[in-house]
Amino acid sequence: MVKNTGRAGYLQIADDLREQIRRGSLAPGDPLPSTTQLATTYDASLSVVKLAVGVLRTEGLVIGQQGKGVFVREDAAPAPPASDELAEIRATLRDLSARLERVESQLADRE
């Protein structure tokens, strides 16, 4: 599921899990799938999945319980939907990343 978009894989996974929490697919108190299950689902390494879960911990959306797993926080405040301005900035960054990739590819071909 992690795509070659120029955006780090762990951020893509964190975005997807965050969206599942926001939609209620992962409700407060629900356990996240195990690291191994997430790695399989997203076709990513365990370290990438751990980084993604770390992002959600930092945001206060999930909490780890030693020996039990990682759970959606009961008081998790889902991230508000992106504003139009933020969506526009993200679209611009994606466009710039694609353009930069093309330029780098052209430069590499010249060498």
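Being a predicted model, the structure only gives us computed values, none of them experimental. (Residues numbered from 1 in each chain as written. Predicted model: local features only at pLDDT ≥ 70, side-chain atom pairs only at ≥ 80, totals over all residues. Heavy atoms only, no water.)

Enquirer: Can you tell me about unusual backbone geometry, naming the residues and giving the values?
Expert: The backbone of Asp43 sits at a positive phi, close to 50°, despite the residue not being glycine. Looking at the element boundaries, Asp43 is found in the loop between helix 2 (35-42) and helix 3 (46-58). (Helix = DSSP H or I, 4+ residues; strand = E, 2+ residues; numbered from the N terminus.)

Enquirer: Before we move on, can you summarise the pattern of salt bridges with the specific residues and values?
Expert: Under the counting rule described, the total for this entry stands at 6 salt bridges. In this structure, the salt-bridge partner of Arg18 is Glu59, at a minimum N-O distance of 2.8 Å. In this pair, Arg18 sits in helix 1 (residues 9-23) while Glu59 sits in the loop between helix 3 and strand 1 (62-65), placing the two residues 41 residues apart along the sequence. On the accessibility criterion, Glu59 (40% relative accessible area) is partly exposed. Linking Asp95 and Arg99 is a salt bridge whose minimum nitrogen-to-oxygen distance equals 3.6 Å. Separated by 4 residues within a single helix, Asp95 and Arg99 lie in helix 4 (residues 84-110), roughly one turn from each other. Judged by its relative accessible area of 44%, Arg99 falls in the partly exposed class. What emerges from the salt-bridge pattern is a single network uniting Arg7, Asp15, Arg18 and Glu59. (Salt bridge = Lys/Arg side-chain N within 4 Å of Asp/Glu carboxyl O. Buried < 20%, exposed > 50% of the residue type's maximum accessible area, 1.4 Å probe, protein only.)

Enquirer: With reference to specific residues and values, describe helix 2.
Expert: In an α-helix there are 3.6 residues to a turn, and that puts residues three or four apart on one side. Those residues of helix 2 that sit buried are Leu38, Ala39 and Tyr42. Seen from one end, helix 2 has its buried residues packed into an arc of 100°, which puts them on one side. Away from its buried face, by an angle of more than 90 degrees, helix 2 presents the exposed residues Thr36, Thr40 and Thr41. Once helix 2 ends, the next one or two residues include Asp43, with phi positive near 50°. (Arc of directions from axis to C-beta.)

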